[in-house]
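Breakdown of the fold
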Amino acid sequence: MRYEGSVYRPPSEARSYILQVTIGCSHNKCTFCDMYKDKQFRVRDLNDIFEDLDMAKQSYGSLKRIFLADGNALVLSMDKLIILLDRINESFPELERISVYAAPKDILNKSLDDLKILKERKLTMAYLGIESGDDVILKDICKGVSKKEMIEAGQKIVASGIILSTMIISGLGGKERTREHALESAMVVNAINPHYLSLLTLMVNKEGAFYNRIIKGNLTLLQPQEVMVEAKLFIENLDLKSCTFRSNHASNYVALKGKLPEEKDLLLKTIDQILNDEEMFYSEGTRML
């Protein structure tokens, strides 16, 4: 298959065919993220995308899942998205799911009816990087939206019937705002009530913009024990109806998983056990993306 530059996808899309619809990320200003800093954003020509679909059909015959890359394919106009999704479904009628990274601004720029139209065409799962619920942190990392807008975007996806998977990044506020990060993030997640929730852990590229804040003394990184204390406070304040929780990303110091709210107490008990046994933490060298 033809790809331009490094291509990223969520861990749960490991068995999906990756279809590069856009190059890079249209926002591309988040200081903690270096995934697309080497790319100039553009939307690929539909004919090129269709050629990739034809090659996939020839190579694989049938596909069950397709993930639309790069950073935010949902930025496409509704006209283009409908044409693209119709072509995908025509090529692979047996397809079960199409999924996408969904930037909050792109969601807000679509109406609820728009999202329902996309779901009818098998775009049935979206990944939303909340990162933090704290407005101070969201501004510091140049996320481009407020807590209120993030909640609106998440609620709109859920209301459309599209499955929503959300991400929070542990340690994003450093020691300076660890409590605010935990509590405000829990509040935002509670307001959205996503189907899936992932807790990742901050990893800093020493050549990236985020590292400058550490060098200047504006942010102090959390140590593994402090990351777990923050995670415990976050989980303690979650009030979700039915959510699959995962904290088993390559960035994490430990692996956690459970159903919320059913296994909330078990998760908290596990964190207490981890806090009492430092040998349960993964070494820094094993944390890599």
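In what follows, the accompanying structure is described. (Residues numbered from 1 in each chain as written. Predicted model: local features only at pLDDT ≥ 70, side-chain atom pairs only at ≥ 80, totals over all residues. Heavy atoms only, no water.)

So, the layout of surface pockets
Filter applied, for reference: Two kinds of site are reported from a 1 Å grid over the protein atoms alone, namely cavities, where a 1.4 Å probe fits but cannot get out, and pockets, open sets with protein on both sides within 12 Å along at least five of seven lines, and residues are called lining when an atom falls within 4 Å of a point. Grid points are joined across faces, edges and corners, and a volume is the space filled by probe spheres set on the points. Three classes are used: nonpolar for Ala, Val, Leu, Ile, Met, Phe, Trp, Tyr, Cys and Pro, charged for Asp, Glu, Lys and Arg, and polar for all others, with Gly counted as polar.
Volume-wise, the second largest pocket comes out at about 290 Å³. Around the second largest pocket sit 16 residues that line it, and Leu202, Leu221, Tyr253, Glu284 and Arg287 are the ones nearest its centre. Across the lining of the second largest pocket, the residue classes break down as 9 nonpolar, 4 polar and 3 charged.

Section: a nonpolar patch on the surface
Stated precisely, the cut-off is as follows: Without a salt bridge and with relative accessible area above 30%, a residue can belong to a patch; like charges are then joined within 9 Å and nonpolar side chains (Val, Leu, Ile, Met, Phe, Trp, Tyr) within 5 Å. Areas reported here follow the Shrake-Rupley algorithm with a probe of radius 1.4 Å; residue values treat only the protein chains shown as occluding. When a carboxyl oxygen of Asp or Glu lies within 4 Å of a side-chain nitrogen of Lys or Arg, that pair is called a salt bridge. Per the convention used, a helix needs a DSSP run of H or I reaching at least four residues, while a strand needs a run of E reaching at least two, with both numbered from the N terminus.
Taken together, Met1, Tyr3 and Tyr60 make up a surface patch of nonpolar side chains, about 300 Å² in accessible area. Among the secondary structure elements, Tyr3 is positioned in the segment before strand 1 (17-20).

Considering the pairing of strand 9 (residues 243-247)
Consecutive residues of a regular strand have side chains that alternate between opposite faces of the sheet. For the record, the criterion: Three exposure classes are used, based on accessible area relative to the maximum for each residue type with a 1.4 Å probe and protein chains only: buried under 20%, partly exposed in between, and exposed over 50%. A pair of strands is considered paired only if DSSP assigns at least 2 bridges between the two.
Along strand 9, 4 of the 5 residues are buried, which leaves the element largely enclosed by surrounding structure. The pairing of strand 8 (residues 196-201) with strand 9 spans 3 bridges and is parallel. Across the sheet, residue Tyr196 finds its bridge partner in strand 9, namely Thr244. Looking at chain direction, strand 9 and strand 10 (residues 256-260) are connected through 5 bridges and run antiparallel. Paired with Ser247 across the bridge in strand 10 is Leu256.

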